[in-house]
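Single-letter residue listing:
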Amino acid sequence: QVQLVESGGGWVQAGGSLRLSCVASGLTFRTTAMGWFRQAPGKEREFVAVISWSGNSSYYADSVKGRFTISRDNAKNTVYLQMNSLKPEDTAVYYCAADYLINTIRQGKNGYWGQGTQVTVSS
């Protein structure tokens, strides 16, 4: 059974930083692409970032480029999302995503999701 467990969310003032973590189990992590999505109140879930199984390739939504960094540690079955220069519009529930193909994640069609962690950015 695949499980993705996020942590690291919380409250931060605008301009601050947070680092999200997602620990995966029940899958072969080192051959799985991993990503992050977010969903703000009243809005649809949107793509944030994705990283290849090797960590050599990553892609970001335009809204977070230059501020967020996705990374992974295959020895710890963990993917991270470092979020800097946070803005109130980054407030959302952040979800971890997993699939074998990067493009599947980018389209939001991945097979596995975490439960989400709340990020709140105050102005």
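Residues numbered from 1 in each chain as written. Predicted model: local features only at pLDDT ≥ 70, side-chain atom pairs only at ≥ 80, totals over all residues. Heavy atoms only, no water.

(A) Broad picture of the packing of aromatic side chains. One pass over the structure, following the stated rule, counts two aromatic pairs. An angle of 70° between the planes, with centres 4.9 Å apart, marks the rings of Phe-37 and Trp-113 as edge-to-face. Placement of Phe-37 in strand E4 (residues 33-39) and of Trp-113 in strand E10 (residues 112-113) is noted, with a sequence separation of 76 residues between them. For Phe-37, a relative accessible area of 3% puts it in the buried group. (Phe/Tyr/Trp six-rings, centres within 6.5 Å; stacked < 30°, edge-to-face > 60°. Helix = DSSP H or I, 4+ residues; strand = E, 2+ residues; numbered from the N terminus. Buried < 20%, exposed > 50% of the residue type's maximum accessible area, 1.4 Å probe, protein only.)

(B) Layout of the nonpolar core. Ranked by size, the top nonpolar core spans 35 residues in total, and within it Met-34, Trp-36, Leu-81, Met-83 and Tyr-94 carry the most contacts. Elements represented by at least two residues in this core include exactly strand E3 (18-25), E4, strand E5 (46-51), strand E7 (68-73), strand E8 (78-83), strand E9 (92-99), helix H1 (102-106) and strand E11 (117-122). (Core = buried A, V, L, I, M, F, W, Y, C linked by side-chain atoms within 4.5 Å.)

(C) Representation of the state of the cysteines within the structure. Taken as a whole, this structure holds one disulfide when the rule is applied. With its sulfur 2.1 Å from that of its partner, Cys-22 forms a disulfide with Cys-96. Judged by the sign of its S-S torsion, about -85°, the cystine formed by Cys-22 and Cys-96 is left-handed. A residue pair is termed long-range when its members are at least 10 positions apart, and Cys-22 in strand E3 and Cys-96 in strand E9 qualify at 74 residues. The same class applies to Cys-22 and to Cys-96, which are both buried. (Disulfide = S-S within 2.5 Å.)

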